[in-house]
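Below are the chains, spelled out letter by letter.
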Amino acid sequence: MSYKPLPDVVTIKDSGIHGLGLFATVDISEGTVLGKIYFDHNGKTERTPLGGFGNHSDEPNCIKILMEDDSWWIATNQDVKSGDELTWAYTMYNVT
């Protein structure tokens, strides 16, 4: 998978949850991998633009996935409609 700061199917705009958020610009199917949100750089965790604008939800429509290179990516865990905010559960040690 190649890295892009934001996938073509996502935009950043005002969020009803907090500040700015990520929103689908088209309908996105369940299981779509959207991109990298965190990665290790010289022993320090770095956040990507995609990771920087994701908001928390107790009922998220995305999940975090640990990849073989120890980077974290997000994918949809349900169908997402165009205009919906993309969210995932924030966790400090138990990534879900």
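On a predicted model such as this, the values are computed, not experimentally measured, just so you know.

Check the secondary structure of the protein and you find one helix and eight strands. Each helix (α) and strand (β) of the protein, taken in turn from the N terminus, gives the series β-β-β-β-α-β-β-β-β. Relative to its length of 96 residues, the protein is compact, with a C-alpha radius of gyration of 13 Å against a globular reference of 12 Å. C-alpha extents for the protein along the principal axes are approximately 35 × 25 × 20 Å. Burial status across the protein gives 34% buried among its 96 residues. Per element, the accessible surface of the protein, about 5,900 Å² overall, is 49% carbon and sulfur. Computing the positive centroid from 7 side-chain charges and the negative centroid from 14, the protein places the two 6 Å apart.

This brings us to the packing of aromatic side chains. Summed over all chains, the structure comprises zero aromatic pairs. Between the NZ or CZ atom of Lys13 and the centre of the ring of Phe23, over which it lies, the distance is 4.9 Å. The cationic tip of Lys36 hangs over the ring face of Phe39; the distance from NZ or CZ to the ring centre is 5.4 Å.

Rules behind the numbers
- Residues numbered from 1 in each chain as written.
- Predicted model: local features only at pLDDT ≥ 70, side-chain atom pairs only at ≥ 80, totals over all residues.
- Heavy atoms only, no water.
- Helix = DSSP H or I, 4+ residues; strand = E, 2+ residues; numbered from the N terminus.
- Rg over C-alpha atoms; globule rule 2.2 N^0.38 Å.
- Buried < 20%, exposed > 50% of the residue type's maximum accessible area, 1.4 Å probe, protein only.
- Areas by Shrake-Rupley, 256 points an atom, 1.4 Å probe, with all protein chains shown as cover.
- Lys, Arg positive; Asp, Glu negative; His and termini not counted.
- Charge placed at Lys NZ, Arg CZ, Asp CG, Glu CD.
- Phe/Tyr/Trp six-rings, centres within 6.5 Å; stacked < 30°, edge-to-face > 60°.
- Lys NZ or Arg CZ within 6 Å of the ring centre and 35° of its normal.

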